[in-house]
Amino acid sequence: MIRPLFACGLAIVASVAGGLLPVRNGDADAGRVAATPTPSDRPPLYRSSVVGTDFDFITDRDPSAFDALRFVALKPFEMPDKRANDRPLMKDAYVFAARYRDGTTVAIAVDAAFGSRPAAEQEASRYTLRLGRLPSLYRRHLRHIVIHEGGADTTAFAEDRGHFLVLYSGNATRRIGTHDLEETLFHEATHAAIQQQYLPRAAWKTARTRDGAFVTHYAETDEQEDFAESALFAYTLIKHPERFPVAERERIERQIPHRIDFFRTVYVD
Ligand SMILES: [Zn+2]
C-alpha cells in the first residue's frame, strides 16, 4: 500500500465524559483497507493536501475570528498520546479557553511539561489565531485541542466522536516552518468537528461514487481521509478559488465535482 506522508487517523485510545471509547481505528500506517466504491481510470492528482502540494489553501494573512484567551486552571485533563498508549490518559495540563467573535469557545489543554503558565500560554497562542481561521461551523463543534510537548516526528490526530484533536508542539513548529499548520488544523478539525455528522450521509456517499476518483493518494487510504482531504480542496475552491493556478483548479473540478458540490452545502457560512 502507499504509505501516507502524514498519518492522522483517529485516536487509538480516547475517552470522553469519563468512559473509554472503543478503539475505532489505528492511524493510517496501521494497514487500512482501501476505500471501496470507486474503481477509476483516473489516478489521484496529488500525494496529500498538506505536505504533498505547494498550495496555500489557508494563509496566515487570512482574517481570524479570535477574540481573547483566558486561563482556566492547571488541572488533570484527558491527554491521549499516540507515542505510547500505555501512558496515563489523565495528565496535568494548563487549560485555556479561546473565545471567538462568532460566540464560539475552544478549550486548549497544554501539557504541564511546558513547565509554567506563561510558557503554556505562549504555546496556546500559536493556535488561537489559526483556530480562528477555520470555518465557524468547525468551532461550533470542536470541543478542545490537546497540545503535547515535543514530538517533532509525531503527526496530529483527531477523534471524531469526542470532537477533539491532538497536536505535538515539535511537529507544529515544523508545519509552521513550511506554512502548513493552518492546513493541518483544517484537516484534523474536519475529522474532529464535522465528520461524524456528515460521513454517514447519502449525499456524501453518492458524491464520491459519482466522482469515481480521489483528489490525493492520501484520500484513497479510507473514507475518513477522503472526507478530510476533499474538504480542504473543496473549501478553498469555494472560498478562494484564485489560490489554485487556473489549470490546477480545472483539474480538481474535473476530478471531484460531486464532492465539491456536496461541500457547497456544508460551507454555507
Ligand atoms: Zn486525516
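Computed from a predicted structure; not experimentally measured.

## Concerning the environment of aspartate 67
Piece 1. Looking at the secondary structure, you find aspartate 67 in strand E3 (residues 66–78).
Piece 2. Residues aspartate 67 and aspartate 102, 35 residues apart in the sequence, show an inter-C-alpha distance of 9.2 Å.
Piece 3. In this view, aspartate 67 contacts Arg99, Tyr100 and Arg101; residues no more than four positions away in its chain are not counted.

## Quick notes on the layout of surface pockets
Piece 1. Taken as a whole, the largest pocket spans an internal volume of roughly 150 Å³.
Piece 2. In terms of lining residues, the largest pocket is bounded by 13 residues, among which Asp62, Pro63, Arg133, Tyr235 and His240 are the most central.
Piece 3. For the lining of the largest pocket, the per-class residue count stands at six nonpolar, three polar and four charged.
Piece 4. A domain split of the lining of the largest pocket shows at least three residues from each of domain 1 (31–59 + 196–264) and domain 2 (66–194).

## Overview of the nonpolar core
Piece 1. Among the nonpolar cores identified, the biggest contains 57 residues, and Leu131, Tyr138, Ile145 and Ile252 are the most heavily contacted of them.
Piece 2. Broken down by element, the residue count for this core peaks at eight residues, all from helix H4 (residues 181–198).
Piece 3. Counting only domains with at least three residues in this core, you end up with domain 1 (31–59 + 196–264) and domain 2 (66–194).
Piece 4. Ignoring anything within four residues of it in the chain, the contact list for tyrosine 138 reads Phe186, Ala189, Thr190, Ala193, Ile194, Ala231 and Tyr267.
Piece 5. Counting residues in each nonpolar core, the second largest holds 10 residues, with Met79, Ala109, Val166 and Tyr168 among its members.

## Describing the confidence of the model for the protein
Piece 1. Per-chain confidence: the protein averages 88 in pLDDT, with 85% of residues scoring 70 or above.
Piece 2. A low-confidence stretch, residues 1–7 (pLDDT under 50), is modelled with 27 contacts involving residues beyond four sequence positions or located in other chains.
Piece 3. Note on residues 9–34: pLDDT is under 50 here. Beyond four places in sequence and across chains, it has 77 contacts.

## Points about the pairing of strand E5 (residues 105–111)
Piece 1. Most of E5 sits out of view: six of its seven residues are buried.
Piece 2. The loop that links strand E4 (residues 90–100) with its antiparallel partner E5 comprises four residues; one of these, glycine 103, has a positive phi angle of about 90 degrees.
Piece 3. The pairing of E5 with strand E6 (residues 144–148) spans four bridges and is parallel. Of the residues in E6, the one forming a bridge with isoleucine 108 is isoleucine 145.

## Observations concerning the pattern of salt bridges
Piece 1. As enumerated under the stated definition, the model contains 17 salt bridges in all.
Piece 2. Its salt-bridge partner being arginine 264, residue aspartate 261 comes within 3.5 Å of it at the nearest N-O pair. With aspartate 261 and arginine 264 both in helix H8 (residues 257–264), this residue pair falls three residues apart, about one helical turn.
Piece 3. The class for aspartate 261 is partly exposed, based on a relative accessible area of 43%.
Piece 4. By relative accessible area, which is 44% here, arginine 264 ends up partly exposed.
Piece 5. What you see here is one network of salt bridges that share partners, running through Arg208, Asp211, Asp226 and Arg259.

## Considering the pairing of E6
Piece 1. Burial of E6 is extensive: five of the five residues sit out of reach of the surface.
Piece 2. Residues His144, Val146 and His148 line one face of E6 and the alternating positions Ile145 and Ile147 line the opposite face, and both faces are buried.
Piece 3. Pairing analysis gives five bridges linking E6 to strand E8 (residues 164–168), with the strands arranged parallel. Among the inter-strand pairings, isoleucine 145 is bridged to a residue of E8, identified as leucine 165.

Rules behind the numbers
Residues numbered from 1 in each chain as written. Predicted model: local features only at pLDDT ≥ 70, side-chain atom pairs only at ≥ 80, totals over all residues. Heavy atoms only, no water. Helix = DSSP H or I, 4+ residues; strand = E, 2+ residues; numbered from the N terminus. Contact = heavy atoms within 4.5 Å. 1 Å grid on protein atoms, 1.4 Å probe; cavity = no way out; pocket = protein on both sides within 12 Å on 5 of 7 lines; lining within 4 Å. Points joined across faces, edges and corners; volume = space filled by probe spheres on them. Nonpolar A, V, L, I, M, F, W, Y, C, P; charged D, E, K, R; others polar. Domains from an automatic or database assignment. Core = buried A, V, L, I, M, F, W, Y, C linked by side-chain atoms within 4.5 Å. Buried < 20%, exposed > 50% of the residue type's maximum accessible area, 1.4 Å probe, protein only. pLDDT = per-residue confidence, 0-100. Pairing = 2+ DSSP bridges. Salt bridge = Lys/Arg side-chain N within 4 Å of Asp/Glu carboxyl O.

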